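Tertiary structure, described
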Amino acid sequence: MATLTEGFTDLTTTRGAMRVHTFTPTGEGKYPAVIFFSEIFQVTGPIRRMAAALAGEGCLVAVPEVYHEFEPLGCVLAYDQAGSDRGNELKFTKELDSYDEDVDVLVKWLQAHESCTGKIASHGVCLGGHLSLRSGFHDGISAVACFYPTDVHSATLGAGKSDDTLKRIGDLDARMLFVWGRQDPHIPREGRELIHARLEESGRHFEWHEFNAAHAFLRDEGPRYNPALARICMAMLLQFLGEALK
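Residues numbered from 1 in each chain as written. Predicted model: local features only at pLDDT ≥ 70, side-chain atom pairs only at ≥ 80, totals over all residues. Heavy atoms only, no water.

All right, on to helix H5 (residues 189-202) then. In this model, H5 (14 residues) spans 20 Å end to end at C-alpha, consistent with the 20 Å of a helix rising 1.5 Å per residue. Restricting attention to buried positions, one finds in H5 the residues Gly191, Arg192, Ile195, Leu199 and Ser202. Buried residues of H5 fall within an arc of 100° about the axis and therefore sit on the same side. Contacts made by the buried residues of H5 are with strand S7 (175-181) and strand S8 (206-211). Backbone geometry just downstream of H5 places Gly203 in the positive-phi region, at approximately 75°. (Helix = DSSP H or I, 4+ residues; strand = E, 2+ residues; numbered from the N terminus. Expected span 1.5 Å × (residues − 1). Buried < 20%, exposed > 50% of the residue type's maximum accessible area, 1.4 Å probe, protein only. Arc of directions from axis to C-beta. Contact = heavy atoms within 4.5 Å.)

The next point concerns the pairing of strand S3 (residues 31-37). In terms of burial, S3 is largely enclosed, as seven of its seven residues are buried. Direction of pairing for S3 relative to strand S5 (residues 116-125): parallel, over a ladder of six bridges. Within the sheet, the bridge partner assigned to Ala33 lies in S5 and is Ile120. The sheet contact formed by S3 and strand S4 (residues 60-64) spans three bridges and is parallel. Looking across to S4, one finds that Val34 is bridged to Val61. Handedness of the crossover joining S3 and S4 through helix H1 (residues 45-55) is recorded here as right-handed. (Pairing = 2+ DSSP bridges. Right-handed = clockwise from strand over helix to strand, strands pointing away.)

The next thing to look at is the packing of aromatic side chains. One pass over the structure, following the stated rule, counts six aromatic pairs. With 4.7 Å between their ring centres and 65° between their planes, Phe41 and Tyr79 make a pair best called edge-to-face. With Phe41 in the loop between S3 and H1 and Tyr79 in the loop between S4 and helix H2 (81-91), this residue pair connects regions lying 38 residues apart in the sequence. When its relative accessible area of 28% is taken as the criterion, Tyr79 is described as partly exposed. Between Phe178 and Trp180 the ring centres are 6.0 Å apart and the planes differ by 0°, which places this aromatic pair in the stacked class. Judged on exposure class, the residue Phe178 and its partner Trp180 are both buried. Pairwise contacts between aromatic rings join Phe178, Trp180, Phe206 and Trp208 into one cluster. The residue whose ring lies beneath Arg19 is Phe8, and the NZ or CZ to ring-centre distance is 4.0 Å. Above the ring of Phe137, the side-chain terminus of Arg168 is found at 3.9 Å from the ring centroid. (Phe/Tyr/Trp six-rings, centres within 6.5 Å; stacked < 30°, edge-to-face > 60°. Lys NZ or Arg CZ within 6 Å of the ring centre and 35° of its normal.)

And the structure:
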């Protein structure tokens, strides 16, 4: 376990500045990096706490503001109906190329970061789960951890609601970890089965876990939080990252 330094950096993209929040173990060593993609509400309290917990285990964690071209830097959407509506609106407004460019900018920045070993994985929840999976198409990403990733089965991420993530999953060289809640209405059983079947067809390396849990069961605010499962999932995540980022 390590103490942390928190900060942020504004990176340049073709669509304006992207703020990236960093959680770095204290010390002068180098650490493997994890890009942590948030849910639709951006870098909220629960997201910051998850990032800090992961950094405390010896990772340089970078959390980008995924809607940087639409909202002021530092914007956090509230966990209410208005925040949900805005987050879902932007999820389908942002262009797929912009999501992919963000990954490229992040990877290149981390590869040159003084505290990074050069080994990089991604991790994400909800929208971020899909972004984490998609980031695996970048050759700088060694592993992707996807917790209840939305819109993969329906191929509806981004402007036009027509992404190619599932179609291209056979091209993904990164290791994959998937974690789902069986009571999650956003990814029904039929959707999970579709993704699983495509993964089996692809012959790629992946892990798959399902729990009796609702959507966003890792979020430590609100009635859907399951702290017992959150502890189990952190242990699985650390084992997965430890093997992938050696």
